[in-house]
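Close look at the chain arrangement
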Amino acid sequence: MIKTIYSNGKIIAKTGNEIVAEAMRQIEPDVVAAYPITPATEIVQIFSQFVADGIVKSEYVAVESEHSAMSATIAASAAGARSMTATSSQGLSLMWEMLYIASGLRLPVVMAEVNRALSAPINIHCDQSDTMGARDAGWIQIYSENSQEAYDNMIQAVKIAENAKLPVLVTMDGFIISHCMEVVEVYPDFDVKRFIGEYKPDRYLLDVKNPYTLGAIDLHDYYFEHRYQIAEAMKNARDTILNVANDFEKKFGRKYDLYEKYMLDDAEIAIVIIGSAAGTSKIAVKRLREKGIKAGLLKIRVYRPFPSEQIVMDLKHIKVVAVLDRADSCSGAFSPIYSDIAASLCSTGIICPKIVNYVYGLGGREIDVEHILSIYEKLKKIVLGIEKPSNKVEYINVRI
Amino acid sequence: MVSLKELSKNVERITPGHRLCAGCAVGALVRQTLIAVGNTNVVVTSATGCLEVSTTIFPYTAWKVPFFHSAFENSAATCSGVESAYKSLKTQGKIKDDIRFIAFGGDGGTYDIGLQSLSGAMERGHRMLYICYNNEAYMNTGIQRSSATPKGAHTTTAPVGKIRQGKEQYRKNLTQIIIAHNIPYVAQSYVGNWNDFMQKVQKALSINGPSFINVLTPCRLGWNYDPKDTMEVARLAVETCIWPSYEVEKGVYKINVIPQKKKSVTEFLKMQGRFKHLFNSSNANIIDEIQSNVDKEWNSLQLKAAV
């Protein structure tokens, strides 16, 4: 029997998409503008049904493209509405131009994003190339390991966005989480609504008594300052995210941080990973620990803002770290998370652990416990001096 | 018929001091739009373009109504988002005011890059008025051809050269495309006839649903004429039937300005530097083709309006 953590919580079985739609029903945004795309389609499909049945009073705008989805969501937010959307992969790519505008105008838009590979070749399965491609767009990015996290992250995202005045995207891995039935603890509607509170924008377009111009042109005399403010807001968002996590824990009992440490404090070798494969990796760590091997794991939850200083403090004692990316930046050098970790470690000037870069799981390619164990095996050999750490991206489970 | 005396009492809601060119028709168009709106609350969205960059140079703005610009191709989607927010907040009782919504876009942002967004918004039935300020090319980036550029016009991306004589294609008939969306109100108008345009704005705003006005808006720089002639050039477009002023209300066509005597297209063409090359004797056939196409389209419009 699975027990609830929150006294008024209820255990239900839902897929990732279903639970995100459920969170959206409880949040009940004023406007949702969205466009279907596999594997995120169900989210907006289920939400449309809520609208059709009069269960939510949200206005649903069935736009003709993801570009318009993000444009209308941004506009609704600028108008003074709490507004949300959901997408995946090519949809996020089509929004790319508008992503920067959402953050540039400091609008608290919330988006559910289901991680899927990018074309070409076209592929509907999971990797994180889509959101990694948007990593410089000024959006807070929160990754979910499972359906419970996706649900909790969606609820927190609303408060984070509105307090940080930055858009937030909450991701979950396509099919692996979005279509997988899991047990999730949900909280009563009233408690969720009370937690997120009412949205009260400082200024908004529909406040016709106080007209203002939004989206003006900045020339070389103001643009830089405005961009600097966005960068500052992103830095400051760390505290906002932690404060919201703190409130969330106090209310619902689940603890969230910028990242999760799993048997990391006394570890000698560790993996840094993001998303659903963290679950697989935890099983590997457990098995290794049973054999007395000091393996650990660091699972990033908040990728933007990147918790660089904190991560460095938690990795500095590790002898060899493997950073696993489910996206290849095709940079000719290293992949996204690895680059962030390496830069963070290097910037402190403290002695760096050896770090190696792995790319795995592109286009939904399987990653199982054995693959993860083989990485730890390599790390062990590097510690023992049997093998040298690779200075290039290594690929797992690909026919080379 | 709108009374000028009555209209003159309306508050001006676009200020002078914006950076539009001398002789630019867009400033007049926006001013007339907002005077026609009167005391009605409006929120304006705009595509990237001359209008937006010239009226909102931070920290200044020429707009006394709420104004929102986000990108180039999405003025309609943006306006639909604002209107949806309004519907939601109004239904929930969070907003008390009655507000109307106007989206502006140039021909580049409307005929070309914004066509999908416009089509989507019109089909969804938002209560919004989309005004295309159609100056028949990408003027803000320096006079590049668009699908609204007429045949024979010189632009910087369909220039006159040794073997080519400006744009080779006829322009797209966007007004007809929007009419095919079966929305309640579609019109063509032009700068240079305040009465025609302002009546259309008022009619469009009174309709509970989407509406679209395609306004011929001469650009003194791109069309290359003397800035004082802006109104005259636009009027000639109507008098030659190159740009008929008409409206389609719930499917019923009405030609609003019927020229007493239909002038030759050369009257319109000869005022503008962009057509100068057409008057070389070797290009006489192009003028003939333009004339015969205008005749054909004018006849077709008259048939539609004669029902």
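Provided above is the structure to which this section pertains.
What counts as what
Residues numbered from 1 in each chain as written. Chains lettered and ligands numbered in written order. Predicted model: local features only at pLDDT ≥ 70, side-chain atom pairs only at ≥ 80, totals over all residues. Heavy atoms only, no water. Helix = DSSP H or I, 4+ residues; strand = E, 2+ residues; numbered from the N terminus. Buried < 20%, exposed > 50% of the residue type's maximum accessible area, 1.4 Å probe, protein only. Salt bridge = Lys/Arg side-chain N within 4 Å of Asp/Glu carboxyl O. Expected span 1.5 Å × (residues − 1). Polar contact = N/O pair within 3.5 Å; in protein donor to acceptor, adjacent residues only side chain to side chain. Lys, Arg positive; Asp, Glu negative; His and termini not counted. Contact = heavy atoms within 4.5 Å. Buried area = accessible area lost by both parts, 1.4 Å probe. Nonpolar A, V, L, I, M, F, W, Y, C, P; charged D, E, K, R; others polar. Pairing = 2+ DSSP bridges. Axes fitted to C-alpha atoms, helices over the stretch in contact; angles between N-to-C directions.

With omega at 0°, the peptide bond leading from Thr-38 of chain A into Pro-39 of chain A counts as cis. Here Pro-39 of chain A lies in the loop between β2 (31-34) and α2 (41-52). Here the amide bond leading from Ala-120 of chain A into Pro-121 of chain A is cis, since omega sits at -5°, within 30 degrees of zero. Tracing the backbone through its elements, the reader meets Pro-121 of chain A in the loop between β5 (110-115) and α6 (129-133). Within the chain, Ser-89 of chain A stands out as a residue other than glycine whose phi angle is a positive 45°. With respect to the secondary-structure elements, Ser-89 of chain A resides in helix α4 (residues 89-94). For Ser-89 of chain A, a relative accessible area of 0% gives the class buried. Backbone geometry at Glu-136 of chain B places phi at a positive 65°, although glycine is not the residue there.

This part is about the pattern of salt bridges. Tallied over the entire structure, the rule returns 44 salt bridges over all chains. Of the charged contacts in the structure, one is a salt bridge between Asp-229 of chain B and Lys-228 of chain B, with a shortest N-O distance of 3.2 Å. A salt bridge links Glu-267 of chain B to Lys-270 of chain B; its shortest N-O distance comes to 3.4 Å. Here Glu-267 of chain B falls in the partly exposed class, since its relative accessible area comes to 30%. Its relative accessible area of 53% is what places Lys-270 of chain B among the exposed residues. Counted as one network, the salt bridges with shared partners bring together Glu-145, Glu-149, Glu-260, Lys-282 and Lys-299 of chain A.

All names here are of chain A. With 14 residues, helix α3 (residues 66-79) should cover 20 Å at 1.5 Å per step; its first-to-last C-alpha distance of 19 Å lies within 8% of that length. Counting buried residues along α3, 14 of its 14 residues qualify, which places the element largely inside the surrounding structure. By the N-cap criterion, in which a side-chain oxygen at the helix start approaches the backbone nitrogen of a residue two or three places on, α3 is capped by Ser-65, the distance to His-67 being 3.3 Å. Positive backbone phi, at 115°, marks Gly-80, one or two positions downstream of α3.

Residue and element names in this part refer to chain A. With respect to the helices and strands, Asp-152 occurs in helix α7 (residues 147-164). Buried and unpaired, Asp-152 has no salt bridge, with Arg-254 as the nearest side chain of opposite charge at 4.0 Å. Of note is the side chain of Asp-152, whose polar atom sits 2.8 Å from the side chain of Tyr-187. Contact partners of Asp-152, with chain neighbours within four places excluded, come to Tyr-187, Phe-248, Arg-254 and Tyr-256.

To continue, consider the interface of chain A and chain B. Contact with chain A, which involves 40 residues of that partner, is made by 43 residues of chain B. Between chain A and chain B, roughly 3200 Å² of surface is buried when both sides are summed, and carbon and sulfur atoms account for 64% of that area. Scanning the region where chain A abuts chain B turns up 4 salt bridges. Taking the shortest distance from any N to any O, the salt bridge between Lys-87 of chain B and Glu-59 of chain A comes out at 3.5 Å. If you look at where chain A meets chain B, you find 15 residue pairs in polar contact (both at pLDDT 80 or more). For the side of chain A that touches chain B, the secondary structure elements donating two or more residues are β3 (59-62), α3, α5 (96-104) and β9 (213-214) of chain A. Looking at the side of chain A that touches chain B element by element, the count peaks at 9 residues for α3 of chain A. Its residues placed into classes, the side of chain A that touches chain B shows 24 nonpolar, 8 polar and 8 charged. Alignment of β9 of chain A against strand β2 (residues 67-69) of chain B, held across 2 bridges, turns out to be parallel. Directly across from Thr-213 of chain A, in β2 of chain B, lies its bridge partner Phe-67 of chain B.

For the rest of this paragraph, the subject is the sheet that holds strand β7 (residues 168-173) of chain A. Residue and element names in this part refer to chain A. Overall, mixed pairing links the 7 strands, which are arranged β3-β2-β4-β5-β7-β6-β13 in an open sheet. Lying at the two open borders of the sheet, with one neighbouring strand each, are β3 and β13 (302-304). Going from strand to strand, the sheet's axes swing by 20° on average, the running direction of each strand aside. Judged from the 5 bridges that link them, strand β4 (residues 83-88) and β5 form a sheet pairing that is parallel. When the bridges of β5 are listed, Met-84 appears paired with Val-110. The sheet strands contacting helix α1 (residues 16-27) are β2, β4, β5 and β7, and the helix crosses β7 at an angle near 155°.

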